[in-house]
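Letter by letter, the chains look like this.
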Amino acid sequence: MTSDIGARALHVLETVFGYPAFRGQQAEIVEHVASGGDALVLMPTGGGKSLCYQIPALLRDGVGVVVSPLIALMQDQVDALEEVGVRAAFLNSTQSFEETLRIERLVRSGEIDLVYVAPERLLTQRCLELFDASPISLFAIDEAHCVSQWGHDFRPEYIRLSVLHERYPTIPRIALTATADQQTREEIAHRLQLDDARKFVSSFDRPNIRYSIVEKTTGRKQLLDFISSEHPQDSGIVYCLSRKKVEETADFLNEHGIKALPYHAGMEYSVRAANQSRFLREDNITMVATIAFGMGIDKPDVRYVCHLDLPKSLEGYYQETGRAGRDGLPASAWMAYGLQDVVLQRRMIDESEADETFKRVLSMKLDAMLGLCETLSCRRMRLLDYFGERSGPCGNCDTCLIPPIQVDGTVPMQKLLSAIYRVDQRFAAGHVIDVLRGAQTERISQWHHDKLTVYGVGADRSEQEWRAIVRQAIALGFVTVDHDAFSSLKLTDAARPVLKGEQKVQLRQYQKPVKAKRPSSSRSSGYEELELSRSEQQIFERLRTWRMGTAREHGVPAYVVFQDATLREIAKVKPGSLDALRGVSGVGEKKLVSYGDEIVAIINEMM
Ligand code: ADP
Ligand code: ZN
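Structural notes, computed from the coordinates. (Residues numbered from 1 in each chain as written. Chains lettered and ligands numbered in written order. Predicted model: local features only at pLDDT ≥ 70, side-chain atom pairs only at ≥ 80, totals over all residues. Heavy atoms only, no water.)

1. Let's talk about a nonpolar patch on the surface
On the surface, a cluster of nonpolar side chains totalling about 310 Å² of accessible area is made up of Trp150, Phe358 and Val361. Among the structural elements, Val361 can be located in helix α16 (residues 356-374). (Patch = residues over 30% accessible without salt bridge, like charges linked within 9 Å, V, L, I, M, F, W, Y side chains within 5 Å. Areas by Shrake-Rupley, 256 points an atom, 1.4 Å probe, with all protein chains shown as cover. Salt bridge = Lys/Arg side-chain N within 4 Å of Asp/Glu carboxyl O. Helix = DSSP H or I, 4+ residues; strand = E, 2+ residues; numbered from the N terminus.)

2. Details of the site of ligand 1
The local shell around ligand 1 holds 16 residues, among which Tyr19, Gly46, Lys49, Ser50 and Arg326 are the closest. Separating a nitrogen atom of ligand 1 from a backbone N or O atom of Ala21 is a distance of 2.9 Å. With respect to ligand 1, the backbone of Gly48 contributes an N or O atom lying 3.0 Å from an oxygen atom. Taking 560 Å² as the accessible area of ligand 1 by itself, protein coverage stands at 87%. Of the residues forming the shell around ligand 1, the biggest block, three residues, is contributed by helix α3 (residues 49-59). Within the shell around ligand 1, the residues separate by chemical class into six nonpolar, seven polar and three charged. (Near = heavy atom within 4 Å. Polar contact = N/O pair within 3.5 Å; in protein donor to acceptor, adjacent residues only side chain to side chain. Nonpolar A, V, L, I, M, F, W, Y, C, P; charged D, E, K, R; others polar.)

3. Re unusual backbone geometry
Phi at Gln193 takes a positive value of approximately 55°, unusual for a residue other than glycine. By the secondary structure assignment, Gln193 is in the loop between α10 (182-191) and β7 (198-201). If you check the backbone angles, Gln425 has positive phi at about 55° while not being a glycine. Checked against the element boundaries, Gln425 lands in the loop between α19 (410-422) and α20 (429-437).

4. Observations concerning the side chain of His431
As for its placement among the helices and strands, His431 is situated in helix α20. By relative accessible area, which is 5% here, His431 ends up buried. Setting aside residues up to four positions removed in sequence, His431 forms contacts with Arg443, Ile444 and His449. (Buried < 20%, exposed > 50% of the residue type's maximum accessible area, 1.4 Å probe, protein only. Contact = heavy atoms within 4.5 Å.)

5. Remarks on the packing of helix α5 (residues 97-108) against helix α7 (residues 125-132)
Look at α5 against α7: their axes get within 9 Å of each other, and the N-to-C directions meet at 30°. Overall, the two elements α5 and α7 adopt an arrangement that is roughly parallel. Regarding α5 and α7, the two cross each other, and that crossing is right-handed. For the pair α5 and α7, contact is made by Phe97, Leu101, Glu104, Val107 and Arg108 and by Arg126, Leu130 and Phe131, respectively. Broken down by class, the residue content of the contact of α5 with α7 amounts to five nonpolar, no polar and three charged. (Axes fitted to C-alpha atoms, helices over the stretch in contact; angles between N-to-C directions. Parallel < 35°, antiparallel > 145°, perpendicular 65-115°, else oblique. Left-handed = near helix turned anticlockwise from the far one by under 90°.)

By themselves, these are just geometric observations and shouldn't be taken as functional.
Next up, the structure:
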């Protein structure tokens, strides 16, 4: 029985979606849910969660109900399914009453395979009564972390989704999320009454993403250099902390020839939605956004995610960077970070309304984030370790590719710590560094700090270099940035053994920030198979142009027609016939019929 389901699942995967094999735990999950089991699926972004409920819905009788928090994306989700020949629809407030009635009829008669609804819609009496009277194959609860009260995507209606279990105890439920932390996982299982569901936990590693974190100097200018040198033809996302900075950065990029759009919660809804839609539809476009942007964005070919400001936590950093490279092709996560970020984030925590316990949690999260920024070892190891996953050096992050040189930094650290002590722990980093470097400022003479023994003892190092040492001192826990309005530096108890010479300190050897070079592709990124020759590159470009036109005609995002990975494979295989095209990953039966002739004609014309 089970293996029969397995064989049917594989058949659907091949003929409908055009993929030759399941990935990771997909096969197991599909079999389990198709056989009527409940599941809680924890899989990173890009892991392939959608197929985990779409295929069971196709294998079981009746309509699969997908609960999704994002009304704005439902149309694209449905379009993508229709492109591969799956009968799908959504029910939401953007529809006319006639349209609603039509979809409801289809659901009641079981004439569609999948219907998407937002949680608040599902919880209405009308909708529940509709489902009472319809053949339902399963409930899929997407973005299930929205049930967590502590996360920033919290949706109160999600908590009430426990009604599904009570009202439809025999219909299988599958909850899915890419949120990696333990607390959220437990909360999902508990609140959605999925304690007895089978848990499928994938590795949270995203091997195709290359992590790099650079010292912030000019910020925007560095960003521009990064995009123009490494991703000039690609789409990406740039995260900034404030709305103002989002707009300024988008303007700056546009002025310098990078097509960029802003997105933040302060913009008018229609403008925001239009920008999101353009980002999803067009190639070669950059979205500059606050963290309000991103959940559920399915665009598979986002090639880079940049942070111009320090995220508040590793959870946030992981989620945001995870939006790069969903298609499995190489992608970059790039961040510029500086001492000012630390000071700002600390101040935001101190000034927030949260109670002391919660502030402590926020501080600990920030410390973990700093730890990643200042680590001397593999960034990926550090990140995965935070989520409870052990791994070795990855070979695909900046610290693996160009290992930082460790030096004995005991003496400069002692100089810094004693300077902080000598100025009575009442001054911010800028002044402490001025003292160390023997600067002549008004403040120094006002406070007679030029009389201190530490005055000028650090003149051999640049201001930038001292800033790097201060950041490491904070990340290592010797120094904290104080709550007061001056963000003064304070010593912790951990500083004492260093000052007394009882403890040595390893520091990163200072290197002047250099312009990013295009990285050579690494072993683990899996790029080689899809590396294109010059003539193949031309075919790929031609196919992309064709795709843009076709997508526009059909009013769907380009990736819904074919993804980059599929177009690259076509450019490589150069199928001269429909049969040859059938073998390409991502070409199912329906797309073969819709687009096969056109693709084959393009290939033949270019050969
Ligand atoms: P998630 O929702 O987990 O972020 P998606 O369901 O959007 O991931 O899938 C991510 C990408 O991987 C999509 O581009 C999808 O087409 C592709 N994909 C998923 N499963 C497979 C598979 N078995 N073989 C090839 N590609 C797949
Ligand atoms: Zn690494």
